[in-house]
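These are the residues of each chain, in order.
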Amino acid sequence: MESKTENRINECISHLDITYSYQLAKQMETHKTNPVLGFRTAGSDAEHKTGDFLYEEMKRIGLQNVTKDEFWLDSWTFEHAVLRFQDQHGELHTCQMGAYQTNFETDGFETYDLVYVGRGTASDYEGLNVRGKLVLADINQRDEWWINYPVYQAYLKGAVGLIAVQTQGYAEIDPRALNAQDIAGPEYAPAFSLSRQDASYLKELLCPEDPAVSHPSSVAVELNASSWVERNRPAYNITGYLPGTAASEGDDRMILLSAHYFDGFQDDNCAVSMTFGIIKALIDSGYQPRYTIAVCALAAEEWGVCDSKFDWSTGAWNQVFRVHPEWQGRVIADLNFELPAHAHNTQDAIRSTYESADFLKHFCENITVPKEAYPDGLTVLAPIETWSDDFSIAISGIPSTVNDFSAGPFMETHYHSQYDNEEFYQEAVYRF
């Protein structure tokens, strides 16, 4: 015979609507900064419009006291970056490029000389004059060094901008993949990204495999780009509440469900829509929690602070340190979600602060894990890492968790590229 608690749990689960969550994740793709590649950059109009959409949806599904929590950041708008050039056969190539949070705007297509600088180190520039030119550099951000190092080296050498080619580490899924990462550097040192496929045509011109074939030190290319940064602009975290019964007794403690609305299907539209799906099921089932549950869709998980090594998780940090510092000591747990509709390993994991680990291990003993989602079950990892918003929340003193996502191959293949789409949606994983 089921207990009262089991009945309540099953009633809530029966109201889960996975189709609603999936469709909401797709709806969140409507507003993008770059109409071709996507990206919903920090503080941009596209991010504001998506926040407005989530604000209305929170109210529609029945959350109370919904607010747009304003904070200020360094915004970035990336509308387009298109490169044109002729290969050695005279064929014209028109290439879409990714970008980083830097300033570079042209008046239509403008012509530049482009120089290949290998890995972009100081020694790679020996004997080269790149002043006033674009430079093309290979990079492996995951295993070697971050993009800010070759970008700033190019700036010191007088280049007008650097075009990075992710040779390994990220965007490995396809030679046409474009990667976008945090710049961790100044906005006045411009940077773009080019796919391996498009870069190969330029490399054939600048460094042919046959040593007997002469090659130029630079080639003429045309660039049409619009990427700009504005200091001290507003952004908005969207928050709604399901009041708990303890609130009427003067106990204002809360549980926080959080996810950010950067524009990738896994990262992190599915996570935002998951938190909405959870709270909608609780509301639709008539469940009243003991403690108030807050749902927070966080802006600016990527970018938002210029010329800093810490230019991510901006929205989460502002939420708990500036917008709602009273949450410190009041929120008893943050359940953060990242890339939740894809199995990053054969075993699922909850990553948490040390303080929560023993409780979570005990909790997991009573969880049945579907084999079709995670054949090797569920474990607990500690501590949390700096990859995601739960880190900013945890350092305020709020015990935090996140579904572990950083160890799987998805990070090296699809993450932060135009290939983060519904093609890699796994419903069994999402449902679990």
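Residues numbered from 1 in each chain as written. Predicted model: local features only at pLDDT ≥ 70, side-chain atom pairs only at ≥ 80, totals over all residues. Heavy atoms only, no water.

Student: Help me get a handle on helix H6 (residues 265-284), residues and values and all.
Tutor: Counted residue by residue, H6 has 17 buried out of 20 residues, so it is predominantly covered. Two residues or fewer past H6, Gly-286 is found with a positive phi of approximately 80°. (Buried < 20%, exposed > 50% of the residue type's maximum accessible area, 1.4 Å probe, protein only. Helix = DSSP H or I, 4+ residues; strand = E, 2+ residues; numbered from the N terminus.)

Student: Hey, could you go over a negative patch on the surface for me, with residue numbers and the actual values?
Tutor: A surface patch of like charges, here negative, comprises Asp-45, Glu-79, Glu-105 and Glu-230. Take Asp-45: it is sitting in helix H3 (residues 45-61). On the basis of relative accessibility, which here comes to 57%, the residue Asp-45 falls in the exposed class. (Patch = residues over 30% accessible without salt bridge, like charges linked within 9 Å, V, L, I, M, F, W, Y side chains within 5 Å. Areas by Shrake-Rupley, 256 points an atom, 1.4 Å probe, with all protein chains shown as cover. Salt bridge = Lys/Arg side-chain N within 4 Å of Asp/Glu carboxyl O. Lys, Arg positive; Asp, Glu negative; His and termini not counted. Charge placed at Lys NZ, Arg CZ, Asp CG, Glu CD.)

Student: A description of the side chain of Thr-413 should follow, citing residues and the corresponding values.
Tutor: Its place among the elements puts Thr-413 in helix H10 (residues 410-413). Note on Thr-413: relative accessible area 17%, which makes it buried. The contacts of Thr-413, once residues within four sequence positions are left out, are Ala-171, Glu-172 and Ile-173. (Contact = heavy atoms within 4.5 Å.)

Student: Give me the packing of aromatic side chains: which residues, what numbers.
Tutor: Centre-to-centre distance and the angle between the planes together describe a pair of aromatic rings. Across all of its chains, the model carries 19 aromatic pairs by this definition. Between Trp-76 and Trp-303 the ring centres are 4.9 Å apart and the planes differ by 75°, which places this aromatic pair in the edge-to-face class. One end of the pair, Trp-76, is in strand S1 (residues 64-86); the other, Trp-303, is in the loop between strand S11 (292-298) and helix H7 (314-323), and 227 residues separate them in sequence. An identical accessibility class is assigned to Trp-76 and Trp-303; each is buried. An aromatic cluster is built from Phe-39, Trp-76, Phe-78, Phe-262 and Trp-303, whose rings are joined through pairwise contacts. (Phe/Tyr/Trp six-rings, centres within 6.5 Å; stacked < 30°, edge-to-face > 60°.)

Student: A description of the pairing of strand S13 (residues 348-352) should follow, citing residues and the corresponding values.
Tutor: Where burial is concerned, most of S13 is hidden: 5 out of the 5 residues are buried. What you see with S13 is no split at all: Asp-348, Ile-350 and Ser-352 on one side and Ala-349 and Arg-351 on the other are buried throughout. The sheet contact formed by S13 and strand S14 (residues 378-381) spans 4 bridges and is parallel. Paired with Arg-351 across the two strands is Leu-381, which belongs to S14. In terms of handedness, the path from S13 via helix H8 (residues 354-364) over to S14 forms a crossover that is right-handed. The sheet contact formed by S13 and strand S15 (residues 400-403) spans 3 bridges and is antiparallel. Paired with Ile-350 across the bridge in S15 is Asn-403. (Pairing = 2+ DSSP bridges. Right-handed = clockwise from strand over helix to strand, strands pointing away.)

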